[in-house]
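This is what each chain is made of:
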Amino acid sequence: MITDILKASVAASAIRLATPYIFASLGETFGQRSGVLNLGVDGIMLLGAFAAYYAVFETGNLLLGVLAALIVGMLLGLAMAFISVTLQAEQGISGIGLYLFGLGLSELLFQKTVVTPTPIDGFPRVNLPILTDLPVLGEIFFHHNLLVYVAFALVPISAFVLNRTTFGLQIRAVGQNPEAADAMGISVARVRYMTVTLGGGFAGLAGASLSIALLNIFQSNLTSGQGFIAVALVYFGAWRPYWVMGGALLFSTVNALQLQVKTIENALGINVPSEFAVMAPYVVTIITLIFASKRVEQPTALTKPFERGES
Amino acid sequence: MPENLLPTGHRRIEQMRMQGIVKKFPGVLAVDHVDFDVKAGEIHALLGENGAGKSTLMKILYGLYHPEEGHIYLNDQSVVIRSPNHAIQHGIGMIHQHFMLVPSLTVAENVALGLKSSRGLILDLEVVSKRIRELSEIYGLQVNPNSPIWQLAVGEQQRVEILRALYRGAALLILDEPTAVLTPQEVDDLFRILNQMTADGHALIFISHKLHEVLAISHRITVLRDGKRVYSIPAESATKEMLAQMMVGRPVVLRYDLPPIEPGPALLRLEGVCATSDRGDEGLKNVSLNVHAGEIVGVAGVSGNGQRELAQVIAGMRSITAGKIWLNNDDVTSHSPAAMNQHGLSHIPEARMTDGVIKNFTVAENFVLQNHGRKPYAWGGLFMNFRSITRQCKTAIKDYEIKTPSHETPIKSLSGGNIQKLVLARELSRQPRVLIAAQPTRGVDIGASEYIHHRLLEERTKGTAILLISEDLDEILALSDRIVVMYEGAIVGAVKRDAADVRTLGLMMAGSKVTV
Amino acid sequence: MLSRKKWLLLPLILLMVALVVPMQGHTRSAKAQDTFKVAVVMPSASNDLAFSQSMIDALTAIDEEMGDGFEFVFQENTFVVDDAAIALREWAASGEYSLIIAHGSQYGAILEELAPEFPDVSFAWGTDVDTFGYDNVYAYEAGSDQGGFVNGVLAALLTNSNVIGVVGPIEVGDAKLYVDGFKAGVAWVNPEIAVNVNYIQSFSDVALASEAAQAHIANGADVMTGSAQMVVGAVGVAKETGNVLWFGQQSNQTELAPEIVVANQVYHWEVVLKEIIAQVQAGTLGGTSYKLTLENGGLVIEYNEAYALSAFDKFVADAVIQGIIDGTITYTLE
């Protein structure tokens, strides 16, 4: 009985916790598949979270909030594309720069406008006829807010775009062998601009999912580094949307489990130091990375700027 | 089928003419008022040393570079080719020396890359695969559209490149050094395909520096030297000697006499050597080998069959998992490169820009790279004796005909041939007992190659044991007393110089067991 | 006679002086000569409705009271200890500040290094009791177990499910004291009530705090509390659920969820700070350790006026506060 509640609660928790990671990691997957590493995801998430929060705070219109996060995210993605593609700056460093920019600006804007964390009415949980009332399953799968469903719906869509469309083929080619793509008449710069801008938009949505759907509040450094975990999850998921989702769910499940560790201890009569429980998600991630098999999908041109020249 | 259509259904290019083409790079006139043309049904070979301008000229035709002067005419109409895409639209295709394929994608995906899909934004790989099969049928280019590129052999990858060009309607095809990575059998296969394409009305441009291949396949030959067109001649009236002389600008010796030498004791011995490759699989499988004093042993094979690992293992740059190595009868298994040097080994590494020299160092610094701590280059192993270094280096520059502004020039600004000569000078200055020469003339012009070959033969006469590793079968045949062939990390055959012929070697290089 | 070169130097020096003077004027402001200037670093945002904000509120209160005679500067979000070290050293070296506060127990090691280096500068830090034996270091802490006990008593009176959830950051400092006091308060009323404590090992992860709250609720909790700045996520969850009560800690968190917040333990650091300022003005630069308590007014239980607390419950709570102050109620922490 208690274990049933526990399972349902952990699973539902994991799905909610995974939502921002899925948005951000899918976006980053597009960028990395085309050869651009954007380490500034966390900064974009923060500004996206603030934009969505502020729009809802002022107007109460949730769709406007989503739109604000999307636009802000895409603008920042565009900036990252300009820096990494056109200016060919070192991607790691410029990503960190973008992160610090997002961290500082979101904080500053928040202090100049809303000042103290004030709750807002975010996306309500969706009640689906019949489904939500299902025992256990209803709680796990059919009692979340809209953005949770959007995030999970984006997984098959992203996989389809990457694997079944001409644009996806171009992305994969540009990330693996930009010279070949160039020789086939594909604009490497155009493809990278599009993926990084799209990735920025996704990161903005990730921020919105925190500030106007899951937490319904804004606070300085609201993401507390989730964007960096999202980048790691892309490696973890070997640049495949479904695997990335699996990674996000695994990470979130272990995270949700550690929240329940006291309940589990009581049920089993054992004592686990909480530090171990907290380390668990990271340890699991690292171990999986170590034992991950060879990665055919790895974009070999990742972090390498492309310039047409002597081949 | 109407007259002016190819079997692929695309229009023929009856004639392509480049006129007065000029291309400048900072400080260099890469292409200097060159005229060039090719007709439907013809193979026109473009011959020249590295840096003669043949690649630049072809990149202009393919839209990768834009000429400062000159015009391009297709079927007597002037065209400006702005980009590869534009060239493709005009029916011009190019097979690059380094294949422009994406390894993780399938054949069909590589072909579909950059093309409009019949289903809009969504890929139509079934349609593409069907068309690939049709084209394979017409030209006998067997390839499975669903195989990922990384699983294909080099020859198959080249077929994909050709298929892709045909798919895109290429009526004129530029082939940049297409035989460099192929076994002799694969070369035969390629030539069969090329002949069929010309019979069908394609126009082909064949870039190469291998004289016998050029003579075998082409109808006309144009030689470039220092960015200028030196000569154009029908293939049937050309000879190797004549072409070599036009390329280099002076008479060149193409055949070497190997004076018979009674081989001395075995100075280099390998027994059952195994090693792991960078990819993590078995790079060397149970390799046993002897090289005697005064003998050149040639190692033949298609690139990536363990030659690199073999050289590195002997030089002490790669650890071995089993077996033993002797130098001068001393067991040197698992010794460091420095220890190998002290046992009388010299090594001309395959990757000369990364393993052979330090790019930003000067000629003199690179010259003393290994011996900088020893006499006569240093006092007491600590202080560098610059006067002695300068003197020795200047002597080497003179002796080895190294073209460099001074001994203080950074090595990276020298040509490949001159860098190789410097490496050779450094390695031979130590008077080695055993010499490993890995790809000693790759990317080196004919003149320098000839010089390096003579130096190797001189060493042979001195009684040095030489292991010559090369993917250039002509080089192996010209210099070696004995030839061993490597395939997938193992030695699959050994032949004496007199018994060697290209056919058997080619079969062995492709993995067939041949008894000689 | 000065040579020509030296004549040229003169306008250069003047120019430099002209550049430097307005910069100093900017930081100094136009206040009276004997202004008492305080500088403080804090680990989170100054508006975190928790630890850092409690210090800002205190300094603002003193500023209002002392007016022109007082001034403070602060650097927030210095969760990277090295960044805090840079700020602290600069302030100490400038000699401009009468008191430098490192508001966070993670800054202890820096002060231990800086204090002997700048013996004429007065430092204060917390929450801790250790002055390292230096006579220019004050330490301050909050006896947050006291308010935790009061909150715990009220929580025990209000729970129907007999399950209470606590969302903590890391098991140290005033957070641990508060949680332990809270548990003692609950047990004082009814030892049968289950108090589930969840340290999420982060002061900043709002999403995890929110999920921790969801987990408590799923386990049947109908009253919750928590400590540190990430609890805004937990308050949000409690508010959304609608029938779960919340007890605030460190700052007054009523505005986060006026419907469900019952009471808050609020830190009034000004009680301790005023004491320290008086000491410094009298020439004593440190050596003492202070503690906020219900008795000295540094800890205050602030009720949410909008929450209809029954007269009986409020009577009990007030009685408990009085009992702790006069020593008639004692308890032991785990």
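Residues numbered from 1 in each chain as written. Chains lettered and ligands numbered in written order. Predicted model: local features only at pLDDT ≥ 70, side-chain atom pairs only at ≥ 80, totals over all residues. Heavy atoms only, no water.

Q: Help me understand the overall build of chain B in this model?
A: When helices and strands are counted, chain B shows 17 helices and 22 strands. Expressed along its principal axes, the backbone C-alpha trace of chain B runs to roughly 80 × 50 × 45 Å. When burial is assessed residue by residue, chain B has 57% of its 516 residues classed as buried. Summed over all atoms, the accessible surface of chain B reaches about 22,100 Å², with 51% contributed by carbon and sulfur. Within chain B, one finds 55 positive and 56 negative side-chain charges whose respective centroids are separated by 5 Å. (Helix = DSSP H or I, 4+ residues; strand = E, 2+ residues; numbered from the N terminus. Buried < 20%, exposed > 50% of the residue type's maximum accessible area, 1.4 Å probe, protein only. Areas by Shrake-Rupley, 256 points an atom, 1.4 Å probe, with all protein chains shown as cover. Lys, Arg positive; Asp, Glu negative; His and termini not counted. Charge placed at Lys NZ, Arg CZ, Asp CG, Glu CD.)

Q: Quick question: what am I supposed to make of the sheet that holds strand S12 (residues 282-292) of chain B here?
A: All names here are of chain B. Pairing within the open sheet is antiparallel, and its four strands lie in the order S12-S11-S14-S15. The two strands at the open ends of the sheet, each matched to only one other strand, are S12 and strand S15 (330-331). Bridge analysis of strand S11 (residues 266-276) against strand S14 (residues 322-327) gives five bridges, and the strand direction is antiparallel. Counterpart to Cys274 in the pairing with S14 is Ala322. (Pairing = 2+ DSSP bridges.)

Q: Just checking my understanding: could you explain the pattern of salt bridges for this structure?
A: Side chains that differ in sign of charge can pair as their charged atoms come close. Applying the stated criterion across every chain, the model contains 31 salt bridges over all chains. Close ionic contact of Arg125 of chain A with Glu240 of chain C constitutes a salt bridge, the shortest N to O distance being 3.8 Å. Here Arg125 of chain A is found in the loop between helix H4 (91-113) and helix H5 (137-141), whereas its partner Glu240 of chain C is found in helix H8 (residues 232-241) on a different chain. With a shortest N-O distance of 2.9 Å, Arg460 of chain B and Asp481 of chain B are connected by a salt bridge. Within this pair, whereas Arg460 of chain B is found in helix H15 (residues 446-462), its partner Asp481 of chain B is found in the loop between helix H16 (473-479) and strand S21 (482-487), the two being separated by 21 residues in sequence. Several salt bridges share partner residues, and in doing so they unite Asp37, Lys39, Glu42 and Arg220 of chain B into one network. (Salt bridge = Lys/Arg side-chain N within 4 Å of Asp/Glu carboxyl O.)

Q: Got a minute to help me understand the interface of chain B and chain A in this structure?
A: For interface size, the figure often reported is the accessible area lost on association. Of the residues lining the interface, 31 residues belong to chain B; the matching set on chain A comes to 25 residues. Around 2,200 Å² of area is buried between chain B and chain A when both sides are counted, 63% of it from carbon and sulfur atoms. On the chain B side of the contact with chain A, Met100, Leu113 and Leu123 of chain B bury the most area, a combined 24% of that side's loss. The tally of links from chain B across to chain A stands at one salt bridge. Residue assignment for the side of chain B that touches chain A shows that the elements contributing at least two residues are helix H2 (84-89) and helix H3 (107-112) of chain B. Ranked by the residues each element gives to the side of chain B that touches chain A, the list is headed by H2 of chain B, at three residues. Here the residues of the side of chain B that touches chain A are counted per class, giving 18 nonpolar, eight polar and five charged. (Contact = heavy atoms within 4.5 Å. Buried area = accessible area lost by both parts, 1.4 Å probe. Nonpolar A, V, L, I, M, F, W, Y, C, P; charged D, E, K, R; others polar.)

Q: What's the story with unusual backbone geometry in this structure? I'm lost.
A: All names here are of chain C. Between Gly126 and Thr127 the backbone carries a cis peptide bond, its omega angle lying at 10°. Summarising the element assignment, Thr127 is placed in the loop between strand S4 (123-126) and strand S5 (137-142). One non-glycine residue, Phe132, lies in the positive phi region at around 60°. The topology assignment puts Phe132 in the loop between S4 and S5.

Q: Even after reading the chapter, I still don't get helix H3 (residues 62-86) of chain A, so can you show me in this structure?
A: All names here are of chain A. Here H3 is 25 residues long and its end C-alpha atoms lie 35 Å apart, about the 36 Å a rise of 1.5 Å per residue gives. If you check which residues of H3 are buried, you get Leu62, Gly65, Val66, Ala69, Gly73, Leu76, Gly77, Met80, Ala81, Ser84 and Val85. Buried residues belonging to H3 abut helix H2 (41-59), H4, helix H6 (146-164) and helix H9 (188-214). For H3, the N-terminal cap is Asn61; the gap from its side-chain oxygen to the backbone nitrogen of Leu63 is 3.0 Å. Of the residues one or two after H3, Gln88 is the one with positive phi, at around 55°. (Expected span 1.5 Å × (residues − 1). Polar contact = N/O pair within 3.5 Å; in protein donor to acceptor, adjacent residues only side chain to side chain.)

Q: Would you explain the sheet that holds strand S10 (residues 228-234) of chain B in this entry?
A: Each strand in a sheet pairs with its neighbour through backbone hydrogen bonds, running either in the same direction (parallel) or in the opposite one (antiparallel). Residue and element names in this part refer to chain B. Taken in spatial order, the six strands of this open sheet run S6-S7-S8-S3-S9-S10, and their pairing is mixed. Here the strands that pair on one side only, and so sit at the sheet edges, are strand S6 (92-95) and S10. When strand polarity is set aside, the average angle formed by the axes of neighbouring strands in this sheet is 20°. Judged from the six bridges that link them, strand S9 (residues 220-225) and S10 form a sheet pairing that is antiparallel. Paired with Thr222 across the strands is Ser232, a residue of S10. Along the sheet, helix H1 (residues 54-61) contacts strand S3 (42-47), S6, strand S7 (172-176), strand S8 (203-208) and S9; its crossing angle with S8, the most-contacted strand, is approximately 150°. The sheet strands contacting helix H8 (residues 240-248) are S3, S9 and S10, and the helix crosses S9 at an angle near 30°. (Axes fitted to C-alpha atoms, helices over the stretch in contact; angles between N-to-C directions.)

Q: Quick question: what am I supposed to make of the packing of aromatic side chains here?
A: Each aromatic ring pair is specified by the distance between its two centres and by the angle formed by the two planes. Residues and elements named next belong to chain A. Counted according to the given criterion, the structure contains 26 aromatic pairs over all chains. Residues Tyr53 and Phe57 carry aromatic rings whose centres are separated by 5.9 Å and whose planes lie at 25° to one another, so their mutual orientation is stacked. Of this pair, Tyr53 and Phe57 both sit in helix H2, four residues apart, roughly one helical turn. With relative accessibility at 0%, the residue Tyr53 sits in the buried group. (Phe/Tyr/Trp six-rings, centres within 6.5 Å; stacked < 30°, edge-to-face > 60°.)

Q: Hey, could you run me through helix H7 (residues 206-218) of chain C in this one?
A: Each turn of an α-helix holds 3.6 residues, which means side chains three or four residues apart point in the same direction. Residues and elements named next belong to chain C. Between its first and last C-alpha atoms H7 spans 18 Å; for 13 residues at 1.5 Å apiece the expected length is 18 Å, and the two agree. H7 sits mainly inside the fold: eleven of its 13 residues count as buried. Where H7 is concerned, the buried positions are Val206, Ala207, Leu208, Ala209, Ser210, Glu211, Ala212, Ala213, Gln214, Ala215 and His216. Between the side-chain oxygen at the start of H7 and the backbone nitrogen of Ala207 there is a gap of 3.3 Å, and the oxygen is on Asp205. At the exit of H7 stands Gly220, carrying a positive phi of roughly 100°.

Q: Would you mind showing me how to read the interface of chain C and chain A here?
A: If you look at the interface, chain C gives 31 residues, while chain A gives 34 residues. Both faces considered, chain C and chain A share a buried interface measuring about 2,800 Å² in area, 48% of it formed by carbon and sulfur atoms. Linking chain C to chain A there are two salt bridges. Salt-bridge contacts for Arg16 of chain A lead to Glu211 of chain C; the nearest nitrogen and oxygen are separated by 2.8 Å. Where chain C touches chain A, the interface holds nine residue pairs in polar contact (both at pLDDT 80 or more). Elements represented by at least two residues in the side of chain C that touches chain A include exactly strand S7 (194-199), H7 and H8 of chain C. For the side of chain C that touches chain A, the element with the highest residue contribution is H7 of chain C, accounting for nine residues. Residues of the side of chain C that touches chain A, tallied by class, amount to 13 nonpolar, eleven polar and seven charged.

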